[in-house]
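Geometric and topological summary
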Amino acid sequence: LSNGEVEAPASPQLVSDYLNSISGDGIERLNTIENRMDNLESSVNQLPDAISGRLEQWQGEHDERLANELSKIESFLVTANKSEYPSSSPVNGVNGVNGDAYQSRLPL
């Protein structure tokens, strides 16, 4: 139309008749596409919240795993220290009686 290759409709009635001639199936497809586009827009708008929620969840789980591993390491070191040295010996380089510091006997 804009290039003048096709003439404009002679009357509004012709346009109306043409639009009415479009099958209901075509209109239904357009409605389906429009609904899918609306759903896509909604999903895209929710992405930042979903991503930040997953990151926070992952960080919490990661922190918990690290805390558990640290607890296991501490438990192992305390158990190894108690079994290797009698209770009157310094633990982690500090004399339990008067707080005097000693060289740690824990293996490096």
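This text goes with the structure placed above it.
Summarised in this report is the structure supplied together with it. (Residues numbered from 1 in each chain as written. Predicted model: local features only at pLDDT ≥ 70, side-chain atom pairs only at ≥ 80, totals over all residues. Heavy atoms only, no water.)

1. Here's the deal with the overall build of the chain
- Helix and strand counts for the chain stand at 2 helices and 0 strands.
- As displayed, the chain offers around 9,700 Å² of accessible surface, 56% of which is attributable to carbon and sulfur atoms. (Helix = DSSP H or I, 4+ residues; strand = E, 2+ residues; numbered from the N terminus. Areas by Shrake-Rupley, 256 points an atom, 1.4 Å probe, with all protein chains shown as cover.)

2. Observations regarding the pattern of salt bridges
- A complete count under the given rule lists 1 salt bridge for this structure.
- Here glutamate 69 ties to lysine 72 by a salt bridge, and the two come within 3.4 Å at their closest N and O atoms. Taken as a pair, glutamate 69 and lysine 72 lie in helix H2 (residues 24-84) at a separation of 3 residues, close to a single helical turn. (Salt bridge = Lys/Arg side-chain N within 4 Å of Asp/Glu carboxyl O.)

3. Concerning a nonpolar patch on the surface
- Taken together, the side chains of Leu30, Ile33, Met37, Leu40, Val44, Leu47, Ile51 and Leu55 present a nonpolar region at the surface, about 770 Å² in accessible area.
- In this structure, leucine 40 sits in helix H2. (Patch = residues over 30% accessible without salt bridge, like charges linked within 9 Å, V, L, I, M, F, W, Y side chains within 5 Å.)

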